[in-house]
Amino acid sequence: MATLVTGGAGYIGSHTAKELTRRGREVVVLDNLCTGHRDFLKWGVFEEGDLADSAFIDRVFEEHGIDEVVHFASFIAVGESVQKPDIYYRNNVTNTLNLLDGMVRHGVERIVFSSSAAVYGEPQAERLAEDHPLNPLSPYAWSKRMMEQVLADYGTAFGLRSVSLRYFNAAGADLDAEVGERHQPETHLIPLILAAAAGRRPSIKVFGTDYPTPDGTCLRDYIHVADLADAHVRALDHLASGEATDVFNLGNGNGFSVREIIDVARDVTGLDVPVEDAPRRAGDSPALVSASDKAMRVLGWEPRFGDVREVVSSAWNWHQKDWQ
Ligand SMILES: NC(=O)c1ccc[n+]([C@@H]2O[C@H](COP(=O)([O-])OP(=O)(O)OC[C@H]3O[C@@H](n4cnc5c(N)ncnc54)[C@H](O)[C@@H]3O)[C@@H](O)[C@H]2O)c1
């Protein structure tokens, strides 16, 4: 009996592989290392290969007695997906279909899927719950929306049960700084701010300072990667206890502006953060804040890192080690 973690050499996947191992599961990481890192492979058995390869998927299912799957592997950059929809749909949709077909062939019936708050598009409420209308605004967001639908349909046709987790902004790092956030190129706010503080980038660009928010910059909901990892274990347990396919938001329920995060980073690092104001970017929502009450109620999940200072400080600990 083992848990397959696709994308386990990446940011959220590696933290989840650690948490699954800590809580007694046998982990098999499947990753082609296209954006993942060999030095993040610290937990479980590693199988290097691509989800495009059905024969490889078959071998992994056969050799390791996989009975459940957590599926992180995908391309993740919203802007790039607009330029390159072909590679995004191929990797995030076609290759995920390969994985699901492998599950059906091998009688594996439970999967936790990395969806995204990007499926909601332009917010029509202050806090977004799961029943907020879905309006994906990029091929990336569409790929997540499509896979949620495919999972529902595979449930009806083949008995595959799934939990789709719609993360808001994943942030922070492992408290032991064994793994952390390392994307190439980096597009996420906190690593970019910390790189500017450390003098590894000239400045941090603030895109849009005239939004209808308290200080004019965008509000986002930052959820610690350790809280995400915990939610994945709970979602697997939920499916293992026989529950049906479902969808949950994962966020803190608090919005922090770009300027607030910069101030927190100044405070945590004790360093100056050079800031450059820039025009709004197309497609950025003024505010994306979750209502995650359903995950709390149904999965018994509770974010432990509600204080954004702790989130930034764990990221800072990790980056200082990673940049040495
Ligand atoms: N980081 C966020 O804030 C965020 C927010 C919402 C949703 N998500 C979703 O969470 C998941 C993980 O994100 P992340 O930030 O850890 O990304 P990441 O790029 O760090 O990790 C993705 C991993 O998948 C692997 N991979 C990609 N395609 C593969 C393939 N065809 N075969 C095998 N391995 C493959 C990569 O090598 C990498 O290790 C993604 O599905 C992403 O869409 C992330």
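Going by the structure above, here's the rest.
Predicted model, so just to flag it, every value in this text is computed and none were measured. (Residues numbered from 1 in each chain as written. Predicted model: local features only at pLDDT ≥ 70, side-chain atom pairs only at ≥ 80, totals over all residues. Heavy atoms only, no water.)

## A short note on the overall build of the protein chain
Thought 1: Summing up its helical and strand segments, the protein chain has ten helices and 14 strands in all.
Thought 2: On C-alpha atoms alone, the protein chain measures out to a radius of gyration of 19 Å, which is about the 20 Å that the 2.2 N^0.38 rule sets for 324 residues.
Thought 3: C-alpha extents for the protein chain along the principal axes are approximately 55 × 45 × 40 Å.
Thought 4: Roughly 13,600 Å² of accessible area belongs to the protein chain as shown, and the carbon and sulfur atoms make up 49% of that amount. (Helix = DSSP H or I, 4+ residues; strand = E, 2+ residues; numbered from the N terminus. Rg over C-alpha atoms; globule rule 2.2 N^0.38 Å. Areas by Shrake-Rupley, 256 points an atom, 1.4 Å probe, with all protein chains shown as cover.)

## Thoughts on unusual backbone geometry
Thought 1: At the junction of Q184 and P185, the peptide bond is cis and its omega measures out at 0° in the coordinates.
Thought 2: Residue placement: P185 occurs in the loop between strand 7 (169-171) and helix 6 (189-197).
Thought 3: The residue A177 is not glycine, and still its phi comes out positive at about 55°.
Thought 4: Here A177 is to be found in the loop between strand 7 and helix 6.
Thought 5: Taking relative accessible area as the criterion, A177 reaches 9% and is therefore assigned buried. (Buried < 20%, exposed > 50% of the residue type's maximum accessible area, 1.4 Å probe, protein only.)

## Side note on the site of the ligand
Thought 1: Looking at the ligand, there are 31 residues lining it, with D31, F72, N91, Y140 and K144 nearest.
Thought 2: Interatomic distance of 3.1 Å between a backbone N/O atom of C34 and an oxygen atom of the ligand.
Thought 3: H183 places a polar side-chain atom, nitrogen or oxygen, 2.9 Å from an oxygen atom of the ligand.
Thought 4: Relative to its unbound accessible surface of 830 Å², the ligand loses 97% to contact with the protein.
Thought 5: Class assignment of the residues belonging to the shell around the ligand gives a composition of 14 nonpolar, 14 polar and three charged. (Near = heavy atom within 4 Å. Polar contact = N/O pair within 3.5 Å; in protein donor to acceptor, adjacent residues only side chain to side chain. Nonpolar A, V, L, I, M, F, W, Y, C, P; charged D, E, K, R; others polar.)

## Side note on empty space enclosed by the protein
Thought 1: Tallying each qualifying case throughout the model produces one cavity of 30 Å³ or more.
Thought 2: The element contributing the most residues to the lining of the largest cavity is helix 5 (residues 139-158), with three residues.
Thought 3: Among the residues making up the lining of the largest cavity, the classes are represented as three nonpolar, five polar and one charged. (1 Å grid on protein atoms, 1.4 Å probe; cavity = no way out; pocket = protein on both sides within 12 Å on 5 of 7 lines; lining within 4 Å. Points joined across faces, edges and corners; volume = space filled by probe spheres on them.)

## Examining the sheet that holds strand 3 (residues 45-48)
Thought 1: The sheet built from seven strands is open, its strands ordered 3-2-1-4-5-6-11 with parallel pairing. The open sheet terminates on both sides in strands that have one partner only, identified here as strand 3 and strand 11 (246-250). Recorded for the sheet is a direction-independent mean angle of 20° between the axes of neighbouring strands.
Thought 2: Here strand 5 (residues 110-116) pairs with strand 6 (residues 161-167) via seven bridges, running parallel. Paired with R110 across the strands is R161, a residue of strand 6.
Thought 3: Each of strand 1 (2-6), strand 2 (27-31), strand 4 (66-71) and strand 6 touches helix 1 (residues 11-22); the most contacted strand, strand 2, lies at about 165° to it.
Thought 4: Packing against the sheet, helix 5 makes contact with strand 5, strand 6 and strand 11, and its axis sits at approximately 155° to strand 5. (Pairing = 2+ DSSP bridges. Axes fitted to C-alpha atoms, helices over the stretch in contact; angles between N-to-C directions. Contact = heavy atoms within 4.5 Å.)

## Comments concerning the environment of F305
Thought 1: Note on placement: F305 falls in the loop between helix 9 (293-299) and helix 10 (308-322).
Thought 2: Counting along the chain gives 228 residues from F305 to A77, while the straight-line C-alpha distance between them is 25 Å.
Thought 3: Beyond its immediate stretch of four places on either side in the chain, F305 contacts L175, H224, A226, D227, N252, E310 and V311.

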